[in-house]
Amino acid sequence: MTGEPAAQPLLQMALRVEQDIFVIRQRGREVAAVVGLERQDQVRIATALSEVARDLLGTVGGADVTFHIDAGADGRYHLLADLAPVTPLPDGQYQPQSGAVSRLVDTLGVATVEGVTVVRMSRRVPANAPIPTPERLAEFRSELGRIAPASALDELTAQNGQLIAALDEVRSQRDELAVLNEELAETNRGVLALYNQLTEELEETNRGVVALYAELDEKSAQLRAASESKSRFLANVSHELRAPVTAIIGLGRLLTDSASDPLTDEQGRQVELIRSSAADLLNLVNELLDLAKAESGRIELDLSDVDLRPLFGQLRGTLRALATRPEVELVVEEPSAPALLRTDEVLLGQVLRNLLHNGLKFTERGEVRLRAHQQGDRWTFEVSDTGLGIAPELHDRIFEEFYQVPGATRVGGTGLGLPYARRLVTLLGGTLELTSEPGRGSTFHVSLPVGGA
Ligand code: ADP
């Protein structure tokens, strides 16, 4: 470290014998007090001075001590104490005996002052201390001159006092620490108790959730079993019914055949009634069989690249026969080419036929329309009508088996068409949704992936 001190020192003194150490310590503290260092810092710099003085007396036989005030690079004032050794420092170096000494001051090391190597220590003067103008410095000097140097014994007494004060402070800090520790331990106990309580509650909740899941698993297993036996029952019963019902229809046809014995008008009407009831029954049985098959997962998809235009043409042809009301127009919009989709053509045809048929059944005037468009990786089919419409609270129910909107049943049907259609659409990897309001018609939306299920 190098640096030129202010021209005129605040104080100068010599270190030659043991007693000088006490004087340097005491004067150092006084200088620190005069320039405005706080009490603690006064003791710190005085202690550092006496330690360094003891070192130098032992190694180089003494030193000349000078105190200055200097403006530092940080714009703040520093109290400097230079100890110029009476004989050169070994290797021009200085290392305090106790490493702790350098922590008492801001800097401690060797510096060259006017060609002489000195040991220099510095401590920053607090910002609120009076600015050391030349007048103030002159005042400092005369003040220091007025203070008579005390004896070594006085300094020892002062040093003892400082030691006691420092000890007191350490003790009170230790007491504060003990209180803080106690508080911390208390808080820890509280946190631990809370943690334990929370853990217990969590475990309790977990046990509840686990039990609930077990119950849920059991219930869904029961439901699955019930649904499977229902499908099995439906399939068996329908299958068993189909043969006799077909036989009844056949017999009815035989009875009314022109080759058979003629029937009276009344007999003819009754046989016709039996035949049409049997036909309804066969229809129901067939639908039940279809649904049971779809539910039991026994439908195998036959995927192919389907061109929608011929499929739509076919639908237009077959459904025209069902559109018997002149007030209702059936519109099947030609999809814009190319209209390709990977799906099961037969199942898609069944779904659309079913929806169009429903539209025709429940529309008294206006139109039933089918249109399709592709958006991204999905095809959407819309079957809309200008018919009765369906109240929002029934939008889910109409997809339940056998559900028919009250009052709308006069047009016939089984209540199995929509649940079946939704099953098929799900199998095809898509969704079947409805938007409708009473009196405003209905639109069924079928959305299918372009690339197949
Ligand atoms: P079904 O038509 O054989 O009765 P569905 O499952 O196809 O059975 O339909 C269930 C019910 O949903 C129908 O009975 C009818 O009340 C109602 N519904 C279906 N489609 C329409 C529609 N387009 N407009 C008004 N109501 C409809």
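Conventions we followed
- Residues numbered from 1 in each chain as written.
- Predicted model: local features only at pLDDT ≥ 70, side-chain atom pairs only at ≥ 80, totals over all residues.
- Heavy atoms only, no water.
- Pairing = 2+ DSSP bridges.
- Helix = DSSP H or I, 4+ residues; strand = E, 2+ residues; numbered from the N terminus.
- Axes fitted to C-alpha atoms, helices over the stretch in contact; angles between N-to-C directions.
- Contact = heavy atoms within 4.5 Å.
- Near = heavy atom within 4 Å.
- Polar contact = N/O pair within 3.5 Å; in protein donor to acceptor, adjacent residues only side chain to side chain.
- Expected span 1.5 Å × (residues − 1).
- Buried < 20%, exposed > 50% of the residue type's maximum accessible area, 1.4 Å probe, protein only.

### Considerations on the sheet that holds strand E11 (residues 431-436)
Logical step 1: The sheet built from five strands is open, its strands ordered E7-E9-E10-E12-E11 with mixed pairing. Each edge of the sheet is formed by a strand with only one pairing partner; in this case those strands are strand E7 (328-332) and E11. When the angles between neighbouring strand axes are averaged without regard to direction, this sheet yields 15°.
Logical step 2: Relative to strand E12 (residues 442-449), E11 is paired through six bridges, and the arrangement is antiparallel. Each residue of the ladder has a partner; that of Glu-433, found in E12, is His-445.
Logical step 3: Seen against the sheet, helix H7 (residues 345-361) touches E7, strand E9 (366-375), strand E10 (378-385), E11 and E12 and runs at an angle of roughly 20° to E10.
Logical step 4: Against the sheet, helix H8 (residues 417-427) makes contact with E11 and E12, and its axis sits at roughly 135° relative to E11, the strand it touches most.

### Here we look at the site of the ligand
Logical step 1: As a matter of local geometry, the ligand sits amid 20 residues, with Asn-358, Lys-361, Gln-404, Thr-414 and Leu-418 nearest to it.
Logical step 2: Lys-361 has a polar side-chain atom sitting 2.9 Å from an oxygen atom of the ligand.
Logical step 3: One of the side-chain nitrogen or oxygen atoms of Asp-385 is found 2.9 Å away from a nitrogen atom of the ligand.
Logical step 4: Those elements that provide at least two residues to the shell around the ligand are H7, H8 and E12.

### Quick notes on H7
Logical step 1: The first and last C-alpha atoms of H7 sit 24 Å apart over 17 residues, in line with the 24 Å expected at 1.5 Å per residue.
Logical step 2: Restricting attention to buried positions, one finds in H7 the residues Leu-347, Leu-348, Gly-349, Val-351, Leu-352, Asn-354, Leu-355, Leu-356, Asn-358, Gly-359 and Leu-360.
Logical step 3: Looking at where H7 begins, the residue whose side-chain oxygen comes 3.1 Å from the main-chain nitrogen of Val-346 is Asp-344.

### What about the pairing of E7?
Logical step 1: Burial within E7 is extensive, with four of its five residues counted as buried.
Logical step 2: Sheet topology places E7 next to E9; five bridges connect them, and they run parallel. Within E9, the position partnered with Leu-330 by the bridge is Val-368.

### Structural notes on the sheet that holds strand E3 (residues 77-85)
Logical step 1: Reading across from one edge, E1-E2-E3-E5-E4 is the order of the five strands in this open sheet, with antiparallel pairing throughout. Looking at strand neighbours, the two that pair on one side only are strand E1 (11-15) and strand E4 (107-113), the edges of this open sheet. Between one strand and the next, the sheet's axes are offset by a mean angle of 30°, whatever the strand orientation.
Logical step 2: Bridge count for strand E2 (residues 63-71) against E3 is nine bridges, and the pairing is antiparallel. Bridge assignment links Ile-69 to a residue of E3, and that residue is Leu-79.

Purely geometric stuff here, so don't read any function into it on its own.
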